Amino acid sequence: VKPFAVVPLLLSLVLLQSWFKDPSIRFSGNPAAWTLGVEAFFYALHPWLSRLLARVSRRGALLALGIVTAVIMLHRIAVVLAQRIVVIHDASSPLAALPSPVARLGEFALGMVVARLVQLGAGRWIRPWMGYAALAAFVSWSVLLRRYGWAGPWSVWAQNLELQVLAVLFALT
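What you are looking at is a predicted structure, and each value in this text was computed from that prediction instead of being measured.

Our focus in this paragraph is the overall build of the protein. When helices and strands are counted, the protein shows eight helices and zero strands. Going residue by residue from the N terminus, the α and β elements of the protein occur as α-α-α-α-α-α-α-α. The burial tally for the protein puts 29% of its 173 residues in the buried class. Within the protein, counting contacts between residues at least 6 apart in sequence, those at least 24 apart form 69% of the total. Of the roughly 11,200 Å² of accessible surface on the protein, 70% is carried by carbon and sulfur atoms.

Here you go:
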């Protein structure tokens, strides 16, 4: 049981606790409620991003999908590299210290772009079985990687990028 503190409780009530890295603030009150703060941020962004995407054609939406996917992957790669540098130089990494709403912004944008593709009829040219097949292949590869302990530089990168790859594959399904 955590001691009662007014400030973390007030931050939780107005859904701002997820903007803090300190676990005593982020997980105060209801520990799972930090996601509500992230979602509140996304609800605030939704009208503007929705209006922007409404003007995008199929080609533009596909380009946006590629850009958002690349940004998600590059952010994670930068975090992994920064963490390795932090270990070497004993410093703090600003990339890894992003507030949760900002760190999850790529996943939200990915969902918005996929929704626009669906509006534009993506179901006619992207079949669900394609996403399911890619997802099954990735999960199988990941399980084999963990089961047989394939060592090497690719295994480290694969494990660090797993969640980002899964987010993209789930978006395709």
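Let us look at the nonpolar core. Counting 25 residues, the largest nonpolar core has L65, V68, L110, V113, L117 and V165 as its most contacted members. At seven residues, helix α6 (residues 105-119) tops the list of elements feeding residues into this core. In contact with V68, other than residues within four places in its own chain, are G106, A109, L110 and V113.

With that settled, consider a nonpolar patch on the surface. A cluster of nonpolar side chains, V6, L9, L10, L13, V14, L16, W19, F20 and V102, forms an exposed patch at the surface whose accessible area comes to about 760 Å². Top element by residues in the nonpolar patch is helix α1 (residues 6-13). It accounts for four residues. Checked against the element boundaries, V6 lands in helix α1. Classification of V6 by relative accessible area gives partly exposed; the value is 48%.

For the rest of this paragraph, the subject is the environment of F138. Here F138 shows up in helix α7 (residues 128-148). With 28 residues separating them in the primary sequence, F138 and L166 have C-alpha atoms 8.1 Å apart. Ignoring any residue separated from it by four or fewer positions in sequence, one finds F138 in contact with E162, V165, L166 and L169.

In this section: the confidence of the model for the protein. Residues at a pLDDT of 70 or more form 79% of the protein, whose mean pLDDT is 79. No element of the protein has a lower mean pLDDT than helix α8 (residues 153-172), at 68, and none a higher one than helix α3 (residues 34-54), at 93.

Okay, the pattern of salt bridges next. Summed over the entire model, instances satisfying the criterion amount to one salt bridge. Across the salt bridge formed by R104 and E107, the nearest N and O atoms sit 3.3 Å from each other. Its relative accessible area of 36% is what places R104 among the partly exposed residues.

Remark: α3 packs on α6, axes separated minimally by 11 Å, with the N-to-C direction vectors making an angle of 40°. Our classification of the angle between α3 and α6 gives oblique. Classified by chirality, the crossing of α6 by α3 is right-handed. Taken together, the residues of α6 that come into contact with α3 (itself represented by F41, F42, L45, H46, L49, S50, L53 and A54) are L105, F108, A109, M112, V113 and R116. By residue class, the composition of the contact of α3 with α6 is eleven nonpolar, two polar and one charged.

Conventions adopted
Every chain is numbered independently, its residues counted from 1 as its sequence is written. Totals for whole chains, interfaces and linings use every residue, but because this is a predicted model, local features are given only for residues with pLDDT of at least 70 and side-chain atom pairs only at 80 or more, for both listing and counting. Note: side-chain values were computed over all heavy atoms of the structure, leaving out hydrogens and water. Helix and strand labels come from DSSP, where a helix needs a run of H or I of at least four residues and a strand needs a run of E of at least two; each type is numbered from the N terminus. The classification of residues rests on relative accessible area computed with a 1.4 Å probe and restricted to protein chains. Under 20% of the type maximum is buried, over 50% is exposed, and intermediate values are partly exposed. For this analysis, residues touch if any pair of their heavy atoms sits within 4.5 Å. Residue burial considers only the protein chains on display, and all accessible areas are found by Shrake-Rupley using a 1.4 Å probe. Throughout this description, the term nonpolar core refers to a set of buried Ala, Val, Leu, Ile, Met, Phe, Trp, Tyr and Cys residues connected via side-chain atoms within 4.5 Å. Patches here: salt-bridge-free residues with over 30% relative accessible area, like charges joined within 9 Å, nonpolar side chains (Val, Leu, Ile, Met, Phe, Trp, Tyr) joined within 5 Å. Just to be clear on terms, a salt bridge is a Lys or Arg side-chain nitrogen sitting within 4 Å of an Asp or Glu carboxyl oxygen. Values of pLDDT, ranging from 0 to 100, describe the predictor's confidence in every residue of the model. Interaxial angles span 0 to 180 degrees and are taken between N-to-C directions of axes, which are lines fitted to C-alpha atoms, for helices over the stretch in contact. Orientation categories follow fixed angle ranges, with anything under 35 degrees roughly parallel, anything over 145 roughly antiparallel, 65 to 115 roughly perpendicular, and all other angles oblique. A clockwise turn of the near helix away from the far one marks a right-handed crossing, whereas an anticlockwise turn of less than a right angle marks a left-handed crossing. Ten residues, namely Ala, Val, Leu, Ile, Met, Phe, Trp, Tyr, Cys and Pro, are considered nonpolar, four, namely Asp, Glu, Lys and Arg, are considered charged, and the remaining ones, Gly among them, are considered polar.

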